[in-house]
Amino acid sequence: MTTPAIPGRLPAGATQEGDGIMIGDGPVRIDAFIDFLCPFCRRFELSSGPALAGLLASGQVSLVYHPMNFLDQASTTRYSTRAAAASGCAADEGRFLEYAHALFADQPPEGGPGLDDAELAAIGQTAGLPAAAFTACLADGHYLDWPPYVTTRAVALGVESTPTVLVAGSAVRPEPRPIEAAVEKAARAG
């Protein structure tokens, strides 16, 4: 299998491989593979978000979100790709986590068009993003080639569904307690 070329534009905070957004610099790495249209990812974010925030705040972890486009076919407007690209615009402004959480809180149902760009921009404002810069990034499609790359890389790593969570490279259930336990174990081993 050939490795896909890294897109010409990557969001701020992208991993060295360009396939995710790195938050924090703690010693234990958590990788979260998500799709903004995935209802199970919404449940993961709403239930595990506070635990992940606590682990980040304590300096125990570095958290990498991999916004994928698995569910593009479940919308009529490639919503997964557009929402993931918008999250890249939010990363440029240092607000990836806030924007990702807001996208999940306002998640549209599968099977429809998803949110349009004006709605994605409005969510950005509620997440504290500067309206002009964020809206311009959305309008020019700055990161539309990034989510397919992220997805191709994730599939090559063996990710078959979202959410998939890895702690120190090992898969764990996408729930707060298993994640926290895996972080503790990895910290002791490290």
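Anything mentioned here points back to the structure above.
Sequence order as written defines the numbering, with residues in each chain counted from 1. Side-chain atom pairs in this predicted model are given and counted only at pLDDT of 80 or more, local residue features only at pLDDT of at least 70, and totals for whole chains, interfaces and linings cover all residues. Hydrogens and water molecules were not included; the side-chain quantities draw on all heavy atoms of the structure.

Participant: I keep staring at the packing of aromatic side chains and nothing clicks. Help me out?
Facilitator: Aromatic rings in a pair are described by how distant their centres are and how their planes are angled relative to each other. Working definition: rings of Phe, Tyr and Trp (its six-membered ring) pair if their centres are within 6.5 Å, and the pair is stacked with planes under 30 degrees apart, edge-to-face with planes over 60 apart, and tilted otherwise. Considering all chains together, one arrives at three aromatic pairs under this definition. Where Phe36 meets Phe104, the ring centres are 5.1 Å apart and the plane angle is 40°; that geometry is what we call tilted. Separated by 68 residues along the polypeptide, Phe36 in the loop between strand S2 (28–34) and helix H1 (39–57) and Phe104 in helix H3 (residues 96–105) bring together distant segments of the chain. Here the term buried applies to any residue with accessible area under 20% of the maximum for its type, exposed to any over 50%, and partly exposed to those in between, with areas from a 1.4 Å probe on protein chains only. By relative accessible area, Phe104 is classed as buried at 1%. Judged by centre distance (5.5 Å) and plane angle (45°), the ring pair of Tyr65 and Phe96 falls under tilted. Labels follow the DSSP assignment, with helices taken as runs of H or I lasting at least four residues and strands as runs of E lasting at least two, numbered in each case from the N terminus.

Participant: Can you help me understand the packing of H1 against helix H7 (residues 176–189) in this one?
Facilitator: Two packed helices can be described by the angle between their axes and the distance between those axes. Helix axes are fitted only over the stretch in contact, all axes being lines through C-alpha atoms; the angle between N-to-C directions runs from 0 to 180 degrees. At their nearest, the axes of H1 and H7 sit 9 Å apart, and the two run at 30° to each other. Judged by the inter-axis angle, H1 sits roughly parallel to H7. Viewed along their axes, H1 and H7 form a crossing whose handedness is right-handed. Contacts between H1 and H7 involve Phe44, Ser47, Ser48, Ala51, Leu52 and Leu55 from the first element and Pro176, Ile179, Glu180 and Val183 from the second. Oblique is the label for any angle not under 35 degrees, not over 145, and not in the 65 to 115 range, which are roughly parallel, roughly antiparallel and roughly perpendicular in turn. In this scheme the crossing of two helices becomes right-handed for a clockwise turn of the near helix relative to the far one and left-handed for an anticlockwise turn of less than a right angle. The contact rule is simple, with two residues in contact once any of their heavy atoms fall within 4.5 Å.

Participant: Which parts of the structure should I look at to understand the sheet that holds S2?
Facilitator: Either a parallel or an antiparallel arrangement is found when strands of a sheet pair, and the pairing is made through backbone hydrogen bonds. The rule for pairing is simple: two strands pair if DSSP sees at least two bridges between them. Overall, mixed pairing links the five strands, which are arranged S1-S3-S2-S4-S5 in an open sheet. With one partner strand each, in any of the chains shown, strand S1 (21–23) and strand S5 (170–172) form the two edges of the open sheet. Between one strand axis and the next, the sheet turns through 25° on average, direction left out of account. Examined bridge by bridge, S2 and strand S3 (residues 61–67) share seven bridges and lie parallel to one another. Within S3, the position partnered with Ile34 by the bridge is Pro67. Along the sheet face, H1 touches S1, S2, S3 and strand S4 (164–167) and points at about 155° away from the line of S3. Across the face of the sheet, H3 comes into contact with S1, S2 and S3 while running at roughly 50° to S3.

Participant: I tried to follow the packing of helix H2 (residues 79–92) against H3 on my own but got confused; where do I start?
Facilitator: As a packed pair, H2 and H3 sit with axes 8 Å apart at the nearest point and diverge in direction by 150°. Taken together, H2 and H3 sit at an angle that is classed as roughly antiparallel. The chirality of how H2 crosses H3 is right-handed. Facing Tyr79, Ala83, Ala86, Ser87, Ala90 and Ala91 of H2, the residues of H3 in contact are Phe96, Tyr99 and Leu103. Classes in brief: Ala, Val, Leu, Ile, Met, Phe, Trp, Tyr, Cys and Pro nonpolar; Asp, Glu, Lys and Arg charged; the others, Gly included, polar. Split into classes, the residues belonging to the contact of H2 with H3 amount to eight nonpolar, one polar and no charged.

Participant: Even after reading the chapter, I still don't get the environment of Gly88, so can you show me in this structure?
Facilitator: Locating Gly88 in the fold gives a position in helix H2. Taking relative accessible area as the criterion, Gly88 reaches 0% and is therefore assigned buried.

Participant: Is there a simple way to think about H7 in this case?
Facilitator: Think of an α-helix as 3.6 residues a turn; residues three or four steps apart then line up on the same face. One less than the residue count of a helix, multiplied by 1.5 Å, gives the span that helix is expected to have. Here H7 contains 14 residues, and its C-alpha end-to-end distance of 20 Å stays within 8% of the 20 Å for a straight helix at 1.5 Å per residue. When we look at burial in H7, the residues that qualify are Pro178, Ile179, Ala182, Val183 and Ala186. Around the axis of H7, the buried residues are gathered within 135° of arc, so they sit on the same side. Projecting away from the buried face of H7 at angles above 90 degrees are the exposed residues Arg177, Lys185 and Arg188. For H7, the secondary structure elements touched by its buried residues are S2, H1, S3, S4 and S5. Of all possible arcs, the one meant is that of the directions from the helix axis to the C-beta atoms.

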